[in-house]
Amino acid sequence: MPATIIDGKAFAAKVREQVAAHVARLREEHGLIPGLAVVLVGEDPASKVYVRNKGTQTLEVGMNSYEHKLAVDTSEADLLALIAALNADPAVHGILVQLPLPGHLNSDLVINSIDPAKDVDGFHISNVGLLGTGQKSMVPCTPLGCLMMLRDHHGSLSGMNAVVVGRSNIVGKPMAQLLLGDSCTVTIAHSRTKDLAEVCRRADILVAAVGRAEMITGDMVKPGATVIDVGINRIERDGKAKLVGDVDFASAAAVAGAITPVPGGVGPMTIACLLANTLTACCRAKGLPEPEGLTA
């Protein structure tokens, strides 16, 4: 049987509906509106598109959106001063600094200057440590979206063998921590793993986040496995630009039990989870119950 397609676009729409409903209740019952501040330094075209989409979707769910667009030559001191002001602003519950930053800025220093409670990207070293030790944290948006889709598809993940291909701080490592938290047996693999194909074939859940176009092929997939493709790669095929994942979709879909497409899989979940994280941060800041199903 062909693999079930996990529709990230539809699932993200459902998450945004849940967020919007909770935001409406916060407004009605507590006079509270979650606020997300996004900081963009420079004119990177892809970043500008991401920031615009984030602002639009933030407003659509009833939150306040605060955009700060800074010149490419903005000094580190000025950027840190802006972040300090946002940390102190009670109307701002979530802060996101769009990456990548221009080369003269220290990304680690900038990210770690954000109040961890407002770090809706989940990149602050304190949130990394909290996640790694199983404590309450802000969780990176892309891995959180993957976890939500896996829970929705499988229900319980307990006891499943999971392989995460990729060891980045943004996806691979936090994804592994989240799967461990749901009682999976987890292997982190990468481009230098010996006999990568054999390692992948042991996975009930295979998460591809290595950043190489169509690296995972169907012969690397266990029959019936669930394949989550995090990759977004632009390639040229037959003279045309095309967007593909880290998984060769056609061959993997012939073997897998379920699979996310690219585009339309993991991608839409990232902004949806950013909104969910902002809502969660707002509720935590005010000592209110967190929204069910929208956190790890």
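Scroll up to find the structure this text is about.
(A) Just helix H3 (residues 76-88), in detail. With 13 residues, H3 should reach 18 Å at 1.5 Å per residue; the first-to-last C-alpha distance of 18 Å fits that figure. Those residues of H3 that fall on the buried side of the exposure criterion are Leu79, Leu82, Ile83 and Leu86. For H3, the angular spread of buried residues about the axis comes to 95°, placing them on one side. The exposed set on the far side of H3, more than 90 degrees from its buried face, consists of Ala77 and Ala88. Where H3 is buried, its residues contact strand S2 (35-41), strand S3 (64-70), strand S4 (94-97) and helix H4 (107-111).

(B) Structural view of the pairing of strand S7 (residues 205-208). Side-chain alternation along S7 places Ile205 and Val207 on one buried face and Leu206 and Ala208 on a second face that is also buried. By the bridge criterion, 4 bridges tie strand S5 (residues 161-165) to S7 in an arrangement that is parallel. Note on S7: the bridge partner recorded for Val164 is Val207. Relative to strand S8 (residues 226-229), S7 runs parallel, the two being bridged by 4 bridges. What sits directly across from Ala208, in S8, is Asp229.

Rules behind the numbers
Residues numbered from 1 in each chain as written. Predicted model: local features only at pLDDT ≥ 70, side-chain atom pairs only at ≥ 80, totals over all residues. Heavy atoms only, no water. Helix = DSSP H or I, 4+ residues; strand = E, 2+ residues; numbered from the N terminus. Expected span 1.5 Å × (residues − 1). Buried < 20%, exposed > 50% of the residue type's maximum accessible area, 1.4 Å probe, protein only. Arc of directions from axis to C-beta. Contact = heavy atoms within 4.5 Å. Pairing = 2+ DSSP bridges.

In short, shape yes, function no, at least from these values alone.
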